[in-house]
Each structure stands twice: as structure tokens, then as C-alpha cells.
Amino acid sequence: MEVPVPREKWAGSIGEMELGASLEKGGSRSSLRLGGNKGLPFLSFEDPTSRNVALAGFVADSLEDVPLPVKRAFGNAVNDPARWAAAWKEKGADLICLHLTSTNPEEKDVSPEEAAATVMAVMKAVELPLIIYGSGHPEKDAKVLEKVGEAAKGERLLLGQAEEGGYKSVAAASMANGHAVIGFSNLDINLAKQIVILLTDYGVGRGDVIIDPLMAALGMGLEYSYSVNERIRISALSGDAMLQVPMICDCVSAWKAREASDDIPQAGDTLERGIWWESTTALAALLSGADILVLGHPGSLQIAKDALKGFRGEA
Amino acid sequence: MATAIEIFKHLPKKNCGDCKFPTCLAFAMQLANNKAKLDDCPHLSEAGRNALASSSAPPIRLIKVGSGKNAVDMGDETELYRHDKRFFHPVAFALRIADDLGEDDLYKRLSYVRSLRFERVGQVLKMDLLELECRSGDADRFAAFVKKVASESELPLVLRTKDAAAMSAAANAIKEKRPLLHGADASNLKEMCVVAKSCACPLTVGADDLNGLADMVEAVRKEGVEDMVLDPRPSSLKELLERCTIIRRSAIRKTFRGLGYPIYLSIPAGRDGMLMASTAVMKYGSLLSFEELPASNALPLMVLRQNIYTDPQVPIQVKPDLYPVNNPGPDAPLLFTTNFSLTFFTVMSDLEKSKVPVWLQVVDTEGLSVLTAYSAGKLTSESVKNALQSTGALERSKKGTLVIPGMVARMAVKLNEATGLQIIVGPKESSGLPKFLRS
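Talk me through the pattern of salt bridges; I want residue IDs and the actual numbers.
All names here are of chain B. Under the defined criterion, the tally for this structure stands at 43 salt bridges over all chains. For Glu 131, the salt bridge goes to Arg 160, with nearest N and O atoms at 3.0 Å. Of this pair, Glu 131 sits in strand E6 (residues 129-133) while Arg 160 sits in strand E7 (residues 157-160); the two residues are 29 residues apart in sequence, bridging distant segments of the chain. Arg 160 shares its class with Glu 131; the two are buried. Residue Arg 233 pairs with Asp 208 through a salt bridge whose shortest N-O separation is 3.5 Å. Here the residue Arg 233 occupies a position in the loop between strand E10 (228-231) and helix H9 (237-252), and Asp 208 occupies one in the loop between strand E9 (203-206) and helix H8 (210-222), the gap between them amounting to 25 residues. Residue class for Asp 208 comes out exposed when judged on its relative accessible area of 51%. Through salt bridges with shared partners, a single network forms among Arg 96, Glu 131, Glu 133, Arg 135 and Arg 160.

Just give me the short version of the interface of chain A and chain B, but keep the residues and values in it.
Taken together, the contact between chain A and chain B spans 57 residues of the former and 54 residues of the latter. Of the roughly 4800 Å² buried between chain A and chain B, counting both surfaces, carbon and sulfur atoms make up 63%. Per-residue buried area on chain A facing chain B is highest for Met1(A), Val3(A) and Trp276(A); these three make up 14% of the total on that side. Linking chain A with chain B are eight salt bridges, by the criterion used here. A salt bridge links Arg120(B) to Glu259(A), with the nearest nitrogen and oxygen atoms 2.5 Å apart. The interface formed by chain A and chain B includes 18 residue pairs in polar contact (both at pLDDT 80 or more). Only helix H7 (222-237), helix H9 (270-288) and helix H10 (298-312) of chain A provide two or more residues apiece to the side of chain A that touches chain B. Tallied by class, the residues present in the side of chain A that touches chain B amount to 29 nonpolar, ten polar and 18 charged.

Kindly report on the packing of aromatic side chains, identifying the contributing residues and their values.
Where two aromatic rings form a pair, the distance of their centres and the angle of their planes describe that pair. According to the stated counting rule, one finds twelve aromatic pairs over all chains in the structure shown. Note on Phe42(A) and Phe311(A): the rings are 4.7 Å apart at their centroids and 20° apart in plane angle, and the pair reads as stacked. Here Phe42(A), found in the loop between strand E2 (32-34) and strand E3 (54-60), pairs with Phe311(A), found in helix H10; they are 269 residues apart in sequence, far enough to count as distant. There is no split in this pair, since Phe42(A) and Phe311(A) are both buried. A centroid spacing of 6.3 Å and a plane angle of 65° characterise the contact between Phe87(B) and Tyr284(B), whose relative ring orientation is edge-to-face. Here the residue Phe87(B) occupies a position in the loop between strand E2 (72-74) and strand E3 (92-98), and Tyr284(B) occupies one in the loop between helix H10 (271-282) and strand E12 (287-290), the gap between them amounting to 197 residues. For the pair Phe87(B) and Tyr284(B), one class covers both residues: buried. Feature note: the residues Phe58(A), Phe74(A), Trp84(A) and Trp88(A) constitute an aromatic cluster, connected by ring pairs. Against the face of Phe8(B) rests Lys13(B), its NZ or CZ located 5.5 Å from the ring centre.

How would you explain a nonpolar patch on the surface if you had to name every residue and give the values?
On the surface, Ile5(B), Leu25(B) and Met29(B) cluster together into a nonpolar patch covering about 270 Å² of accessible area. For Ile5(B), a relative accessible area of 53% puts it in the exposed group.

An account of the pairing of E6(B) is needed here, citing residue identities and associated values.
Residue and element names in this part refer to chain B. Of all five residues that make up E6, five are buried, and the element is covered over most of its length. Residues of E6 alternate between two faces, with Leu 129, Glu 131 and Glu 133 on one and Leu 130 and Leu 132 on the opposite face, all of them buried. Bridge analysis of E3 against E6 gives five bridges, and the strand direction is parallel. Paired with Ala 98 across the two strands is Glu 133, which belongs to E6. With four bridges joining them, E6 and E7 adopt parallel strand pairing. Note that in E7 the partner of Leu 130 across the bridge is Leu 157. You can see the chain leave E6, run along helix H5 (residues 139-152) and come back into E7, and the turn it takes is right-handed.

Cut-offs used in this document
- Residues numbered from 1 in each chain as written.
- Chains lettered and ligands numbered in written order.
- Predicted model: local features only at pLDDT ≥ 70, side-chain atom pairs only at ≥ 80, totals over all residues.
- Heavy atoms only, no water.
- Salt bridge = Lys/Arg side-chain N within 4 Å of Asp/Glu carboxyl O.
- Helix = DSSP H or I, 4+ residues; strand = E, 2+ residues; numbered from the N terminus.
- Buried < 20%, exposed > 50% of the residue type's maximum accessible area, 1.4 Å probe, protein only.
- Contact = heavy atoms within 4.5 Å.
- Buried area = accessible area lost by both parts, 1.4 Å probe.
- Polar contact = N/O pair within 3.5 Å; in protein donor to acceptor, adjacent residues only side chain to side chain.
- Nonpolar A, V, L, I, M, F, W, Y, C, P; charged D, E, K, R; others polar.
- Phe/Tyr/Trp six-rings, centres within 6.5 Å; stacked < 30°, edge-to-face > 60°.
- Lys NZ or Arg CZ within 6 Å of the ring centre and 35° of its normal.
- Patch = residues over 30% accessible without salt bridge, like charges linked within 9 Å, V, L, I, M, F, W, Y side chains within 5 Å.
- Areas by Shrake-Rupley, 256 points an atom, 1.4 Å probe, with all protein chains shown as cover.
- Pairing = 2+ DSSP bridges.
- Right-handed = clockwise from strand over helix to strand, strands pointing away.

This is the structure we're talking about:
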């Protein structure tokens, strides 16, 4: 008996974009393509184009808020962002997600010039595409990202992050130097759309925007993110142009869950559990529509790689 | 479900009221809303009944495994996406035990299953079933083993063997416990159907591709067995996701009616198995049978299941209580927040990040976040005061101050009057807490 394949008839698709600029495009890195999908994640009967999901390795230039298991996995390399990034490359990351947390004026208050030098050092150490975040301090981030954007002009970085309350400086830093920008919103499909509208109204091309709808980790509101992401994807595929942009999901927050790092009686090996805590968060992000995953532990990266192979039918 | 008008066409149109509704149309409307049963109409013609029964049947059949309070309900789902309404019956987890296990090892295994039990935001996460496998090849031994386990454990059982004779002996020995029989495939279909019918137990139906599976389902139905569970036997993650999606979509979108049953999946040990299991929790599995399940994998999977099967319209609430963070003493400051899980988790993680010892009072706001609760009148100076009293918070923190969320700064005066505490307005966003507390 022939079971008819129930394909949804989607009217839209996710826009394509490239991160990292190669030599001939004026940069010095490898590049990767994202987006282009015409169906829900990993359903080959709906969307035969192979889904390209990029896995980013988390790096920070200050260890204040870095979870202990993540630090341990990289040993001494965590004291030097360039070495840390090189270790990620070794372990198979597709790109590097560098947080310039040291620039936070309430902590080390490293200058924008020094931060830009850190970025250049990382770029020299690995030729992978880069995602660059400031410290989350709005005024300082504006200066830091401006400097970094200039220093890495033409390298097609992904700059984070634009929010409804402050997006102009990061948008300007990206537009002036050919970088892409992350539009962040807080667990809400309408806010996700809003930030894309704000950025594009300001002059950023829609092909230069990636949305971050906030990936809440396993046990910490994952179900909200899972459904918000799914709704964003379905709206995009149904034709909402402002949501037809790739999506980034940061899974490192999974390590903040008590159950990811505390010893718990009868709950098995703590590190193994923590790696699955992050990996399960990553899987929920993948199945709900992520195009980039940011991961903290190399064990999670390996699992995510295996998952991608599995979903593509390569394993 | 058909519309009221479509249903009405098949009703006798006598308006006799025997169904307890004044008119046939009123009855049709109740049927369409699932508020009445077809059997309530005594005058329905055979043809009308058949037409309506097929269109009013739930898209995915409800299958019950086990008996009593531990019985597991599977199927009867109505949605493709949880945000459209909710997923109803959480995917059940079973651990496999083979009948060639020695007595000691059996008891160890049973106590291991019992140990996989965690309390989390007021719910108990645990294993739901045991799958007993006939590996000995000996029907008598299998039946004795099944009886023994059934007397030792209250969990519902899946019986796993391809041998109909062994299945018959084991299933009949415990049939009042309504085990799931795993199962029928092309090699033993008729014999397994005879067993399932004779002991009135649900039966899994397995095939290596969906077309074959649909044929098998049809054949099993012709043998008179309706309570089925599908075993689509994916050999990869891709097959698992795609087969489960096709089965669910066909049923919900009504593009094909032959696969409207819950899905059983056999989960291999190791990383591949964990990936399959996580995927199946999100994408339409009903029963996962694990060859092995280390505790370090079980907890994340159970929490994933808890998350995915949460009703999106009902916020998860944490227990209103006084929570010590970073080992606080009597000098540590006192803060409060609401019992909406997301708010609580965020605040908790930011407090832990600050490394500053504090007491956190969680106020019962029926799961609403700070501003929503305040606007809805669920967060008042009285409710905060009562919460502090009920947990004895002021005996624990003797600092005489209360830090309140910046979003409800306007509560400061009334709170001061109600509690006599000095009120300090904290940051509007939880992320500002570490900096706020350190300064």
C-alpha cells in the first residue's frame, strides 16, 4: 500500500547568506553558506537541499562567567583566545564565537583598541569565520564593535548583538565594513520580527541579518524557545519575509542549569550529564530551526556533528 | 472531526430528544465539539453509524498499556506542533530486561529502574514500563520470568518475542495486566493476532518501510485486532525523524488514515540511541524502549520530555518557598521573585553567578511573571508579606531589608508599611543582579 507523503506546500524559503570572506572576496578566511532552506528542518521529502548548519565554538577573552567544565575541556588554552580558537578548529568547529567580555567597564574595562587586537590575533590563529560579541554593556559595546568592525573590514564577521533598545551602533559597524549582524529578541516571534524590521529600516540588508530569538536551555524554559523557533520557521516558510533570515541559537547557557554541573545522587556521571544537557538543548534548537549553534564543550560539538550527519542520512 | 452540518446529514433528524439534546442539530453540534458520544443516539442507522464512526474516530488511536494507576496511555494526539494546543500523552520510557538474566542481576536491574526517579518543579520524572525480552528461546522460561517480574514490579510491561507460542504462554500468564505485545511482523502476523485477540492485549506491528507497515496494519485489522502500536524500525536518525513525521502528519492532516496509531521505537545503546531518543521525544514518539539507559542520559531525556509536554497555556510553577543561594547566613540580604518557572530559573542563575550569599523568597503568583502578576493583582504587598511569614524568612535573614524587582518599584512604599522592612529597589532585569549585589 502506497502511503502518500504529506508534504506541506510552503510559499517561502530562508534567505541565503555567507559568513567569512575568502581572499578573492577581500578577506582572509574560509567562508560558509547558511540558509536557503525551503522546508522544516531535515525533512528531505519536503526540502531536498541539504541543510547547512554551522557549529560555532564559544571563546571568551575573560574567564569570569565561563562554566568550569568548559574551561577544563580546554586546559591552559582558555587563557589565550587565539589558542582557544585554534583548539576549537582542531576539534572541528565551523566558526568561532568570541565574546569580548574583558571590555566590560565594570570589570577589566579593556579598551576597544586592545579588544580589536584580540580579534585580529584570533583571526591570525584560525582562518574560520568569526562571530564577535562585546560584553553586553550597551555604551561600551558600541565603541568596541565599531573598532573591531573597522579592524576586520571586509572579513565578513557576524557582529552581536542588535536589540530593540540599541541597534544603531552595531548596525552601523556592520554596514560600514561589510559584516553581518545578529538581531536579538527575547523569546517572542513578534519581537524577532520587530528587530529585523528595525535593522532593515535602518539600512542593513536583510541578507546581512541573523536572528537570535534566545535559546532557553533544557529545564530552563526550553519549551518556550522550541515553540517560538518553530513558529518563526513556519511563519517564514509561509511567506513572512521579515522572518526569512537564518537563526542562531546559543546553547552554552545550558551549563548554567544546576542539573548540568552539580553532582546529583542517582543521576550518573556529572560531566557526561552536563554534555548531554548542552547537547539536548542543541538538538531542540536544530529541530526547531537553528542555522548556527554556539556550543561550549567539545563533547557537545562532537554530538551535534553526529546528529547533523544522522539527520542528513550520512551516518 | 467533521463539522456539525456534515454530522447532521447522517443523523435520523427525528428530534426525539432521546440523546438528551433537544434536536438532532444540537446533538450534532455537541458531537462536533467532542462533548457527546455517537452511542447516545439510539436511532442511528447502520450506514450512518459507520460513516460517522470513521470520521469521528480520533486521528491517532488511544492505546492503554498496563492496568491500574501505573497504566500508560499513548496516542490520541491532535497536533503537529505543541504551540497549536499541546501534546497530551508524554512519550513513555521503557527499559529492556532479558529473560536470560540471573536472579541477582534481575533485582539489580529492577532497582536501577526504580532509582531513575527525580523530582523536578513539583513533578516526578521516572521510567514508565519494563520491556521483557525472550532471549532464552525457551517459552516456559520466558513465561515464568514474565510472571516473576510482574509480581516484583508495578510497572506496565512490554513483552518482546517473535515466537507466537512463547508470547502466548507469557501474555496469558499476566493478561489482566494488559501488556503490550512486541510483536507482529510479516513473519508471524496471523499467529500474533491470535495471541493478541485471545488475551485482549495491544500489539505492535513492525515493518522496515512505511508502505509495508501500512499493509501490515491493514492485515492486522482484518484479523480483528484494533489496538495497535506502530514500530517503524528506523535505521538512522533521518529515517526516524522522517517516518515519525509522515506517520503523524498523515494522521492529523488526514491524508492517509491507515497509520493513525502511537509509535514505538526500539532505542539502541550509546550515543546514536540517545540522539534517536531525544529526537523521538520532540518528534512524535509514544513509547521508547531502551536497550540501556545510563542515569546521565536519563535525566536530560526526562527533563526534555517534561519540557516538550508542558501545556503551553499553563506556565510551569516552582514551589513558593525560601531558597538559600550561595550559602547565606543571617546577614545575607533578602530578595523576592515570582513562582513562574522561567523567571525563577533566570533569577536563580543570575544570583548564583553573583556568588553573593542571599535569601530568595519565591511568592506564589500562580505562575505569572513579575509585571504580569503585579498587573493582575497576584503580586501585592499582602501576598509578599504572607509569603515571608509562611516561610519564616525574617528569622533567616535578619538584615531588615528587602530587595524588590525593579519592575515593581512602585510597590516600595506599601511593602515598607506592610512588612516594616527597609525596601531596596533592585534592577529591572535579572541580569543586573550580580552587579547590583556586588556593589
